[in-house]
Amino acid sequence: MADLGIPQNTIEVLQKYHFRAQKKYGQNFLVDPGVLERIVDAAGITDADCVLEIGPGIGTMTQYLAERAGRVVAVEIDKNLMPILEDTLSAYANVTLVNDDILKVDIGRIVEEENGGRPVKVVANLPYYITTPIIMGLFESHVPLESITVMVQKEVAERMQVGPGTKDYGALSLAVQYYAKPEIVANVPPNCFIPRPGVGSAVIRLTRYQEPPVKVEDEARLFELIRAAFNQRRKTLVNALGNAAGIGVAKEQVAEALKRLHLPETVRGEALTLEQFALLAGELQ
Ligand code: SAM
């Protein structure tokens, strides 16, 4: 099958199958061989790897992955794409196609079956409408994985990478940075896709830490505090946490904890590092 990274080949496949990209599934097909190579390079794919691809579309990146990886498992929600994928990937014996919703399927079981429970590499040009639930779902479910290399909306990539004191810093930055080291590896303009998305895109690599960079007794408590702090990000931490349902601490307790951490009583969540949030979680256990 012809290289679908070349725009004309993608157009031909779409025409052959009378396939129209579905907005509701975030379908924007990547048509730039340079960007495709860049993604597979950034993910460091070798024949020792089992790759989990989310949303193969018509199989463009799947082709590039199958050339280099030992195995590729691709999970696609749109059943209308399955006959196309069977066709465009017919030359590759190392690809398994799964027609399912990545947010519902048991990824742990797939990794167990396809890679004997050893860590996989996730590579994808993600559907942008569910970027955060996909990434957080992968981390929080503790599926064995080495890295996640994905195309996402540019602003979202920036949010994952920034530190305190910037407007993009928030719950997503802290959650991602608790689990992985983020690195933006490429910026990708809309004209690299058919159809063109209305936003700029970026490729980000998240390399999973063996051990989180901070130690906490209770992970769930840490994330509860982070979410509460950024739910009301313009408020001071004393007010945001003291007011929050389910947190179960009084304003005075937050104020005392901040004092013990040598932080000002008027500090906002957006000024705290991951380490400071971890210390605060310890104080408010
Ligand atoms: N990988 C292809 C490429 O690079 O050209 C397509 C990428 S397109 C941005 C996103 C893909 O994810 C689409 O094929 C879409 O149907 C699929 N998708 C959307 N929601 C999904 C879900 N919940 N589970 C699995 N795949 C999904």
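What you see is a predicted model; the values in this text were computed from it and never measured.

## Some details on the pattern of salt bridges
- The tally for this structure, following the rule as stated, stands at 17 salt bridges.
- The residue Asp 87 makes a salt bridge to Lys 16 at a minimum N-O spacing of 3.0 Å. Here Asp 87 is found in helix α4 (residues 82–88), whereas its partner Lys 16 is found in helix α1 (residues 7–16), with 71 residues between them in sequence.
- Of the charged contacts, one joins Arg 71 and Glu 114 as a salt bridge, the two residues approaching to 3.1 Å between their closest N and O atoms. Placement of the pair is Arg 71 in strand β3 (residues 71–76) and Glu 114 in helix α5 (residues 107–115), with a sequence separation of 43 residues.
- A residue is classified by how much of its surface remains accessible, and Arg 71, at 26% relative accessible area, is partly exposed.

## Points about the domain arrangement of the protein chain
- Domain assignment breaks the protein chain into domain 1 (7–208) and domain 2 (219–283).
- Spacing between the C-alpha centres of domain 1 and domain 2 amounts to 34 Å.
- Taken together, the contacts link 13 residues of domain 1 with 13 residues of domain 2.
- Here domain 1 and domain 2 share an interface that buries about 1000 Å² over both sides, 66% of which is from carbon and sulfur atoms.
- The largest share of the area that domain 1 buries against domain 2 comes from Tyr 169, Leu 174 and Tyr 178, three residues that together contribute 50% of it.
- Across the contact surface, domain 1 and domain 2 share zero salt bridges.
- Remark: the boundary between domain 1 and domain 2 carries five residue pairs in polar contact (both at pLDDT 80 or more).
- Residue classes in the side of domain 1 that touches domain 2 are distributed as seven nonpolar, five polar and one charged.

Rules behind the numbers
- Numbering of residues begins from 1 in every chain and follows the order in which that chain's sequence is written.
- At least 70 in pLDDT is required for a residue's local features to be given in this predicted model, at least 80 for side-chain atom pairs to be given and counted, and no such filter applies to totals for whole chains, interfaces and linings, which use all residues.
- Side-chain figures throughout are based on the complete set of non-hydrogen atoms in the structure, without hydrogens or water.
- Salt bridges are counted wherever a side-chain nitrogen of Lys or Arg sits within 4 Å of a carboxyl oxygen of Asp or Glu.
- Strands here are runs of E lasting at least two residues and helices are runs of H or I lasting at least four, both read from the DSSP assignment and numbered beginning at the N terminus.
- Note on exposure labels: buried denotes an accessible area under 20% of the residue type's maximum, exposed denotes more than 50%, and partly exposed covers the range between, all computed with a 1.4 Å probe on protein chains only.
- Residue ranges assigned to each domain were obtained from an automatic or database domain assignment.
- Note on contacts: a residue pair is in contact if any heavy atoms of the two residues lie within 4.5 Å.
- Buried area is a sum: the accessible area each of two parts loses on coming together, probed at 1.4 Å, counted once for each and added.
- For this analysis, a polar contact is any N or O atom pair within 3.5 Å, provided that within protein one partner can donate a hydrogen and the other can accept it, and provided that sequence-adjacent residues contribute only side-chain to side-chain pairs.
- Side-chain classes follow a simple rule in which Ala, Val, Leu, Ile, Met, Phe, Trp, Tyr, Cys and Pro form the nonpolar group, Asp, Glu, Lys and Arg form the charged group, and the remainder, Gly included, forms the polar group.

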